[in-house]
Amino acid sequence: MPVFRLSEKKSFPPPHFAEPEGLLAVGGDLSEQRILLAYQMGIFPWFTDDEPILWWSPDPRLLLYPADIHVSSRLMRTIRHGSFKVTCDTAFDRVIDACASVRIQNFQETWIGQDMIDAYCCLFKSGYAHSIEVWYEGDLAGGLYGLSLGGSFFGESMFSNISNTSKIALVVLCRFLNALSFDLIDCQVKTDHLKRMGAVEVSRSRFIKKLQKSMSRQTLKGSWKNVFQAFCDKSI
């Protein structure tokens, strides 16, 4: 299959035209309109600083259903102990910067370059992107960020400065999304870490069908800070 070159028009080819490894298109921009359209279609940007903008729709797709999160007894005890405080949408810029920095410090390639950081910070300001922060003694110890559209949350990246804090962020996010009857968390591509926590692989065609149904729901746009805190006060 050919890789499509995008024009200035805010549109994408159908995801089933993607290459076997998932690459669908190249070019375009990281405008809010284009990124939101991409996620609604099951497509996401993923590229490094020395590459053009690349758009992907892998097959299979890794999904995590919020009600199916696996929590070990040890992790459950850690959460219940209360040493860590979990918040939402209080430090988005610090979370996305930390996700990029941790990979660089570990000599790993990162797709979270400055252009991506700027784009997702704009999406946060528009009320589509969200972060979960885990704090220990006042310091940011871990977290994750992603986008919310319809009944779906699209996970982008997570980090831990203290062991298990990214897991804590994911567990609390799943509980919150389950309370709101969200349909799914899109984890994009397979990782053993996420599979151990309950994520499953589904075919792209099945994912797209689920996504289309989920996109018919109203997006919970805007800051989640207060509603998340109210949930945590009741549930954790």
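Counting starts from 1 at the beginning of each chain's written sequence and moves along it residue by residue. Under the rules for a predicted model, residues below a pLDDT of 70 receive no local features and side-chain atom pairs below 80 are neither given nor counted, while totals for whole chains, interfaces and linings still include all residues. Excluded from the side-chain calculation are hydrogens and water; included are all heavy atoms of the structure.

**Regarding the overall build of the chain**
- Each helix corresponds to a stretch of at least 4 residues labelled H or I by DSSP, and each strand to a stretch of at least 2 residues labelled E; elements are numbered beginning at the N terminus. Check the secondary structure of the chain and you find eight helices and eleven strands.
- Put simply, the radius of gyration uses C-alpha atoms, and a globule should come to 2.2 Å times the residue count raised to 0.38. Radius of gyration (C-alpha) of the chain: 17 Å, near the 18 Å computed for a compact globule of 236 residues.
- Considered along the principal axes of its C-alpha atoms, the chain spans approximately 55 × 35 × 30 Å.
- Under the scheme applied here, a residue whose accessible area is under 20% of the maximum for its type counts as buried, over 50% as exposed, and between as partly exposed, the area being computed with a 1.4 Å probe on protein chains only. Burial analysis of the chain (236 residues in total) assigns 51% to the buried set.
- In the chain, of all internal contacts separated by at least 6 residues, the share reaching a separation of at least 24 is 71%.
- All accessibility values rest on the Shrake-Rupley procedure with a 1.4 Å probe; residue burial counts only the protein chains present in the view. If you sum the accessible surface of the chain, you get close to 11500 Å²; carbon and sulfur atoms cover 49% of it.
- In this count, Lys and Arg are taken as positive residues and Asp and Glu as negative ones, while His and the chain termini are left out. Note that the charge is assigned to NZ on lysines, CZ on arginines, CG on aspartates and CD on glutamates. Across the chain, the 26 positively charged side chains and the 25 negatively charged ones have centroids separated by 9 Å. Should any heavy atoms of two residues lie within 4.5 Å, those residues are considered in contact.

**Considering the pattern of salt bridges**
- Note on definitions: salt bridges are taken to be side-chain nitrogens of Lys or Arg within 4 Å of carboxyl oxygens of Asp or Glu. Applying the stated criterion to the full structure yields five salt bridges.
- Linking Asp29 and Lys10 is a salt bridge whose minimum nitrogen-to-oxygen distance equals 3.4 Å. Remark: Lys10 occurs in the loop between strand E1 (4-6) and strand E2 (23-27) and Asp29 occurs in the loop between E2 and helix H1 (32-40); sequence separation between them is 19 residues.
- On the basis of relative accessible area, Asp29 is assigned to the partly exposed category, the value being 24%.

**A short note on the sheet that holds strand E4 (residues 54-56)**
- Taking strand neighbours across the sheet as the criterion, the four strands line up as E1-E2-E4-E3 in an open arrangement whose pairing is mixed. Of all strands in the sheet, those with a lone pairing partner are E1 and strand E3 (44-45), marking the two edges.
- Should DSSP find at least two bridges between two strands, the strands are regarded as paired. The sheet contact formed by E3 and E4 spans two bridges and is antiparallel. Bridge assignment links Phe44 to a residue of E4, and that residue is Trp56.
- Helix axes are fitted to C-alpha atoms over the stretch in contact, other axes to C-alpha atoms as well, and angles between N-to-C directions run from 0 to 180 degrees. The strands that H1 touches are E1, E3 and E4; relative to E4, the one it contacts most, it runs at about 25°.

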